[in-house]
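One letter stands for each residue in the lines below.
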Amino acid sequence: MYKSHPNLAHSSAKYIRQLMKSLIDEDFLAVIEGTIEPGQTLIASDSVDELLMTGGAATFDRIVWGNDPNAKQSGQPLVTKPFEAELGAVSPWVLVPGQWSDADLKHHAEYLVSCKMMNSGAICASPQVVVYDEQWPQIDKFQQLVEKALADFPELPVFYGGSCQRATSIASDTKGKVSWPKGKPVGDRNEKGERAAVRPGIVKDVKDPNATVLNTEVFAPLLSFISVKSDTGAADTFLPAAVKLCNEHCFGSLSMSIMIDGATQKQYATELDNAIDALKWGSIGINTWGGSLVFHASSRWGAYPGLHSIKDVQSGLGEIGNCRLYDHAAKSVAWEPFNHPGHFEIPSEKKKALLYRLAWFGCRPGYWRLMGVLSRSEEHTSELQYTG
C-alpha cells in the first residue's frame, strides 16, 4: 500500500499508478491519497505488518510518539510495528581548499545552486551548509558567484508550505551576514492567492557550530557558509576538521558532498580516503551531489547505520536500495571528475528545450522524438564545453 504526500497527490500518485499498473491490476499494490486520516487508518490496521515512510523527523515523532511532549521519556511508543524511515538532514557541501581557476569557481557555484534549487530546496538531500577553510583565499569570490547564480536562477514556485517563514526564521536565528539575492521572502502565496516564487537566501560567516542552521533541516532554499580552522590551510589538516564538524554538529547523516580539485585530490589521496572512512554519513559524493546516490539501485540509501534511534530519529532508520545485497554496508560513495560535464547547470531556454525533449523520448520512445533530441543536442553542445 502506497499513500502519497498531499502535495504529491496529483504527481507521484498519478505516475506510480501508470508505472505500477501491472502490480495494481494483480492486487499486489494499491495507491491512495489524502491527508492525515487515511495514513492513521493504515498505521492502525491489523492488515499492515510493517511501515516505511519518507519525510522529516518531526512527522516521524508525531506518528510514533503522538503530541505528548513527555511520551519519549515514558518509552511507550504509539506504534510498535517494524518502522523504517528515510528522513532528511542538514546536508554538508564541503569545499576542500585548493587552487581553483575562475572557470572552476563559476562551474561549482552554479552546480551548488542547481542542486540547492531542485524542487525549490524541498528535498531531503538538499545541500544546506557549505563548509570551507577559513584560510582559503578564494571563498569570497565563490560566495559572490553563488549569490549571482541564485539571482539569475529561473523563478520557481514555493513547493512546500511554510518554507518561506522557515527560511527567514532560521536565517534570523543564525548569527551571520544574511542576504536575499531575489529579495526577502514574503510568504507562500502572492496577492492573487497563487504559489509565490521562492526567494533563496544565503547566510555567510557563520561562526557557531551549534547555530540553528546546523541543527535544523530548513527544507527551503537557504544556504549557509561556515568556516573551520586548520593548522596549514591545506587539505591535510582541513579534512579532519571538516569531518569533525559534519559528524558532530550537522543534524542527521543521510547524504553529503565533497568538492576537491584533481591536483589536491592526487596530493592528499590518503587524507581524503581517511576522511571518507571517518565520515558517519550514509551517502557521500566526491565531486558530485551526494543526493544523486539515491538514483543508483546498487547503492545503499539511508541514514548511517546504528547512528539514530526511535527516540532520536534524525535521518531515519533502515535503508533502501542495495540491490546487489551487500552485507553490512555502512555507506555508499560516488566519485566524479572535478568538472564533470554531467553536473547540473542553471537552465537556459535551450537547455530546458533539450530536457523536455529527453523527457518525452523517455516516456514515449520513437524515431522522430530521437531526432528531436539529437537536433537539440547539437545546438546545446557548445554550451557544455567549459565544464569539460
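Caption draft 1: Just the confidence of the model for the chain, in detail. Mean pLDDT over the chain: 89, with 95% of residues reaching 70 or higher. Counted against residues more than four places away or in other chains, residues 378–388, with its pLDDT under 50, gives 19 contacts.

Caption draft 2: Expanded view of the sheet that holds strand E3 (residues 51–55). Taken in spatial order, the three strands make up an open sheet running E3-E4-E13, and their pairing is mixed. Lying at the two open borders of the sheet, with one neighbouring strand each, are E3 and strand E13 (316–317). In terms of strand pairing, strand E4 (residues 83–87) meets E13 through two bridges, oriented antiparallel. Note that in E13 the partner of Glu86 across the bridge is Gly316.

Caption draft 3: Representation of the state of the cysteines in the model. A full pass over the atoms with the stated rule returns zero disulfides. Of all cysteine sulfurs, the one in Cys115 lies closest to Cys124, which takes part in no disulfide; the gap is 13 Å.

Caption draft 4: Highlighting the environment of Ile310. Locating Ile310 in the fold gives a position in the loop between strand E12 (300–301) and E13. The sequence separation of Ile310 and Phe60 amounts to 250 residues, and the corresponding C-alpha distance is 9.0 Å. With sequence-adjacent residues up to four places away left out, Ile310 is seen in contact with Phe60, Asp61, Val64, Trp65, Pro77 and Leu317.

Reading the values: rules and limits
- Here the residue index of a chain counts from 1 through its sequence in written order.
- Per-residue local features of the predicted model are confined to residues with pLDDT of at least 70, and side-chain atom pairs are confined, for both listing and counting, to 80 or more; whole-chain, interface and lining totals are unaffected and use all residues.
- Hydrogens and water are ignored here; the side-chain numbers use all heavy atoms of the structure.
- Note: pLDDT gives the predictor's confidence per residue, expressed from 0 to 100.
- Any two residues whose heavy atoms approach within 4.5 Å are treated as being in contact.
- Between any two strands, pairing holds if DSSP finds at least two bridges.
- Numbering of helices and strands runs from the N terminus, with a helix taken as a DSSP run of H or I at least four residues long and a strand as a DSSP run of E at least two residues long.
- Note on terminology: disulfide denotes any pair of cysteine sulfur atoms within 2.5 Å.

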